[in-house]
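Spelled out, the chains give:
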Amino acid sequence: MDSVTATDPLSSALKIAGSGLDVQSTRLRIVSENIANAQSTGDTPGANPYRRKTVTFGSEVDRASGANIVKVKKLGYDKSNFTESYDPSNPAADTKGYVKMPNVNVLIEMADMREANRTYEANLQSVKQTRDLITTTLDLLKSSQ
C-alpha cells in the first residue's frame, strides 16, 4: 500500500471528531445569538428587527488525512416573516402602533441548542476515546520492546 494514500484510522477519527467540535461550536454561538436577540426590535418606526441566523453544514475531504470532515458551509438568515406586536410605546412602532418582532422562536432555538450540545459532547467523547486508544497502543509498543 502506498504510504501517501494510506491513512491512519486513529488520526482520521481525530480529524472527523475535531471538525464536529468546530461546527457544533459555531452552531452553539449562532443559537446563542438568536436567543439573545429574540426580543430585539428595530430602532426606528417600521424598522426591521433582528433576523434569525442559520447555519448550513457541508462535508469535504481533508487533503492531509483523506478523512471526510464536516465544515460550516454557510451562515445565512431565516427568510420567514416577522410577527407583529401591538406596542405603541416602542420606538420601533409604526403609525398604527405595531412593532415588527424577530422571527426567532425560543423553543426551537432551545431544541437546537440541546441537540448541538449533545452532538458536541459526543464528538468530545470520540476525541477522548481515540486519544486513549493511541495512548494504549503506544504503551503496548513500549512494553513489547
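Everything quoted here is computed from the prediction, not taken from an experiment.

> Hey, could you run me through the pairing of strand 4 (residues 98-101) in this one?
A regular strand carries its side chains on alternate faces of the sheet. Side chains Val99 and Met101 project from strand 4 onto a buried face, and the interleaved Tyr98 and Lys100 project onto a face without burial. Two elements, strand 3 (residues 83-86) and strand 4, share four bridges in a ladder whose sense is antiparallel. Counterpart to Glu84 in the pairing with strand 4 is Lys100.

> For this particular structure, what's the right way to read the packing of aromatic side chains?
When we look at a pair of aromatic rings, we describe it by the centre distance and by the angle of the planes. The full count for this structure, using the stated rule, is one aromatic pair. Between Tyr86 and Tyr98, the aromatic rings sit 5.3 Å apart at their centres with planes inclined by 65 degrees, giving edge-to-face as the arrangement. Separated by 12 residues along the polypeptide, Tyr86 in strand 3 and Tyr98 in strand 4 bring together distant segments of the chain. You can call Tyr86 exposed: its relative accessible area is 53%.

> Got a minute to help me understand the UniProt feature "domain: Flagellar basal body rod protein N-terminal" (unreviewed entry) in the chain in this structure?
Look at the UniProt record and you will see "domain: Flagellar basal body rod protein N-terminal" (unreviewed entry) annotated at residues 14-41. Helix makes up 82% of residues 14-41 and strand 0%. Its end C-alpha atoms lie 42 Å apart.

What counts and what doesn't
Residues numbered from 1 in each chain as written. Predicted model: local features only at pLDDT ≥ 70, side-chain atom pairs only at ≥ 80, totals over all residues. Heavy atoms only, no water. Buried < 20%, exposed > 50% of the residue type's maximum accessible area, 1.4 Å probe, protein only. Helix = DSSP H or I, 4+ residues; strand = E, 2+ residues; numbered from the N terminus. Pairing = 2+ DSSP bridges. Phe/Tyr/Trp six-rings, centres within 6.5 Å; stacked < 30°, edge-to-face > 60°. UniProt positions renumbered as here; feature names shortened; annotations may be inferred.

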